[in-house]
Amino acid sequence: MNTRTQRHAADPNPSSKPGPTPNASPEPTATRPSTPTPGRRTPAPSGGSSRGPWRRLADAVTSRRGAWVTLVLAVLVTTALMGALRGAEIGRADETLPPDSESARAAALLAGFPGSELSPVMVVMTRYDERPLAAGDLAAAQRVGTDAAGSVGQRASRPIPSQDGRAVLVSIPVRADRPNTEIATDVKAMRAAIARPGAATAGDGAATAGDGPATAGTAGAPGLRAQVTGGPAFGADVAGAFDGADLRLLAVTIGIVALLLLLTYRSPVLWLVPLVAVALADGLAGVVAKAIGQAWSLSFDSGIVSVLVFGAGTNYALLLISRYREELRRSDDHRVALRDALVATGPAVLASNVTVVLSLLTLVLAVLPGTRGLGPTSAAGLLIAAAFALVVLPAALAMCGRTLFWPFVPRVGDADASTTGPWARVARAVTSRPVPVLAVSLVVAAVMASGLVGTRVGLSQTEQFRVASESSAGLQTLARHYPQGESAPMTVVSRTEAAPRVAEAARHAAGVVRVQPLAEHDGWTRTMVVGSAEPDSAAAQDVVRELRDAVHAVPGSDALVGGQTARQVDAEVGARHDLTLVAPLILLVVLLVLVALLRAVVAPLILLGVNVISALAAIGLGTWIGRTAFGFPGLDVLVPLLSFLFLVALGIDYTIFLAHRTLHEAQDHGIHEGVVRAVGATGGVITSAGIVLAAVFAALGVLPLVTLGQLGLIVGLGVLIDTLLVRTLVVPAVLAAAGERLWWPRRLASRP
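Everything quoted here is computed from the prediction, not taken from an experiment.

Participant: I tried to follow the packing of aromatic side chains on my own but got confused; where do I start?
Facilitator: Two measures describe an aromatic ring pair: the distance that separates the ring centres and the angle between the ring planes. This model, assessed by the stated rule, comprises 4 aromatic pairs. Measuring from ring centre to ring centre gives 5.8 Å for F646 and F697, while their planes differ by 50°; the resulting arrangement is tilted. Pair noted here: F646 is in helix α21 (residues 639-669) and F697 is in helix α22 (residues 671-698), with a separation of 51 residues, a long-range link. An angle of 65° between the planes, with centres 6.4 Å apart, marks the rings of Y654 and F657 as edge-to-face.

Participant: Help me understand the packing of helix α8 (residues 245-265) against helix α9 (residues 272-295) in this model?
Facilitator: Two measures define how a pair of helices packs: the angle their axes make with one another and the distance between the axes. Packing of α8 against α9 brings their axes to within 10 Å, and their N-to-C directions diverge by 155°. By the angle between their directions, the pair α8 and α9 is classed as roughly antiparallel. The interaxial crossing formed by α8 with α9 has right-handed handedness. Taking contact as the criterion, the partners of L250, I254, V257, A258, L261 and Y265 in α8 are, on α9, P274, L275 and D282. The class makeup of the residues in the contact of α8 with α9 is 8 nonpolar, no polar and 1 charged.

Participant: Help me understand the side chain of S688 in this model?
Facilitator: As for its placement among the helices and strands, S688 is situated in helix α22. Only 2.9 Å separates the side chain of S688 from the backbone oxygen of G684, close enough to count as a polar contact.

Participant: Before we go on, may I ask you to explain the pairing of strand β4 (residues 224-229) in this structure?
Facilitator: Successive side chains on a regular strand alternate, one facing one side of the sheet and the next facing the other. Most of β4 is tucked away: 6 of the 6 residues are buried. Inspection of the sheet shows strand β1 (residues 118-127) paired to β4 by 6 bridges, in the antiparallel sense. Its bridge partner being in β4, T126 is matched across the sheet by R225.

Participant: It is not clear to me how the pairing of strand β3 (residues 167-175) should be interpreted in this structure. Could you clarify?
Facilitator: Judged from the 9 bridges that link them, β1 and β3 form a sheet pairing that is antiparallel. The residue bridging P120 from the neighbouring strand is P173, located in β3. Bridge analysis of strand β2 (residues 160-161) against β3 gives 2 bridges, and the strand direction is antiparallel. Bridging from a neighbouring strand, P161 pairs with V168 of β3. In sequence, β2 turns back onto β3 through a hairpin of 5 residues, with G165 there showing a positive phi of about 75°.

What counts and what doesn't
- Residues numbered from 1 in each chain as written.
- Predicted model: local features only at pLDDT ≥ 70, side-chain atom pairs only at ≥ 80, totals over all residues.
- Heavy atoms only, no water.
- Phe/Tyr/Trp six-rings, centres within 6.5 Å; stacked < 30°, edge-to-face > 60°.
- Helix = DSSP H or I, 4+ residues; strand = E, 2+ residues; numbered from the N terminus.
- Axes fitted to C-alpha atoms, helices over the stretch in contact; angles between N-to-C directions.
- Parallel < 35°, antiparallel > 145°, perpendicular 65-115°, else oblique.
- Left-handed = near helix turned anticlockwise from the far one by under 90°.
- Contact = heavy atoms within 4.5 Å.
- Nonpolar A, V, L, I, M, F, W, Y, C, P; charged D, E, K, R; others polar.
- Polar contact = N/O pair within 3.5 Å; in protein donor to acceptor, adjacent residues only side chain to side chain.
- Buried < 20%, exposed > 50% of the residue type's maximum accessible area, 1.4 Å probe, protein only.
- Pairing = 2+ DSSP bridges.

By themselves these figures say nothing about function.
In structure tokens form, the structure reads like this:
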């Protein structure tokens, strides 16, 4: 029911004309408090009649008794759920291998081979002066390997010198079918066994998982450097880098939100209420997300869920409190003001939340486990955030009263900045010349989006983590002194009867330097293939494709190619599949929500197009800054889709808030003045919300995973672009340029 219909339905004189008039009386008490701001006609809250669901909810949570009951129930339910669901465990957050991919199927077959649970930890030793190793150095290397292997109850291989004579390699098998945190215990024990007083320390600034730097064994081998590396050591170093990371992220996020809320409200008390509400929502969302992940065997990054809950929950709180402050200038009763604020903002908050939730749920169609797991878990977190913002927060505000805003307590009759403030002045300038504004904005967006040109998608194992580690430095040492493919060989699994022909085909594949059958089990043969290219490089990926083509052509072999680089190839294929499938579904979801909210066709299409352009500009700018300022060699395979999802779904929030307010202002003031008043009324709160959301996503940079750093950078920049450029300039220009035609087939009951 629009405002015009509300006025007519509540008119005590049925014979009066239904249409609005220049001297129309104030809103009836069913939708507006009885004391309006002098000199200003205000739009009625968008909650329908006094018997509508939003009004009933508002009455329930803001009344004296209802507020108490709501808060008590919220505490009891939250405490019970957190206690019942605590302790759930989730899979690896960085899992990017599609389960049906060739490398995943190869890994499943290899898991049946005896000893498949073992994976080699490699100790690579060189001299600090880079001189060739002497006979005594090789003997010392044997002792170092024996000591390291003995510390974990294993036997070391014989030392394998490099062809240039400047390095020696010893491998030690460890069980790799355990969590990285358990493998880290073995790696620490090896490094402790290698370290000896008086020996030379590990070079290259390599960080270790032990209490001190890793060393090369004994005083009898001065100048010898040892580095513990290989897949298990790399995983152990990653686990060590994440120790306490979630706590750091939570502390940084809370600090950012607290500081920005304090600066926004300039009150020593008010900022605490939304912060506590959002923090409780985050705590509950965390345990619910982990329970969902455990029940459905999902892998996801809990840091992303936390950031989404904090960012979206704070945005909802800012919007509600901003409207509450407006209503306090019109009503002496803070409960009436809060009720009307909730009725007015509830639909926009719900539409925003539903948009993001439905967009996230499209991720269940993704094939990358790390992407698919974020769908239901993040959606659950955002539903919890909305529930706390629309139910718990209003109850808390009702308990505190008007003085919560001290020292800047809003009073009835205070000046209204929606027509005279800085945001209104900007909007008035934009709506007076919308076409030039749109032209300049499109040029700026195109320049930003150009940062995507030439961008590589996919990172090597060592490029995925920002924290320096001994294992990463050791892999670089291996690459300098041994054939580049030796550190990450490919594995071919084929039928035993076809294994000789498969090996012969592999030897003739381009880029292959060595082929060695290793073991047979249950009719299958495992063959190791070493390539000439650096693992995970574009050349190494080409070798994987050539090898697959060669062995697949052997009749009856059922050959599968796996290994580190093969996994990367399959992950990139999966990422492209997810982007082309999920991204259009996200756009469709957003479009349908806009159509339902605005009850129009043209406006949703144009506003969605604006949002997509903004998202592409943000991804391009973030990619360019990441490459030039932070040295990111490319985008991780998860980043393009997740960035697009968050930028479109979260960015449309501000467009929803602005378009929703514009619709109601236009009922009384016409489309151009309605745009000015809408921007003037929402400019401050949307800017504050955008800054908070951008800062919260930027907090992902405290984690050692490059994926999260890139995601935080791109989404943070995108939110700022959407807040300061799109919402302030582009959307008002579009609304003004198109006029009432934008809302077709809806007809606005606007005044001239």
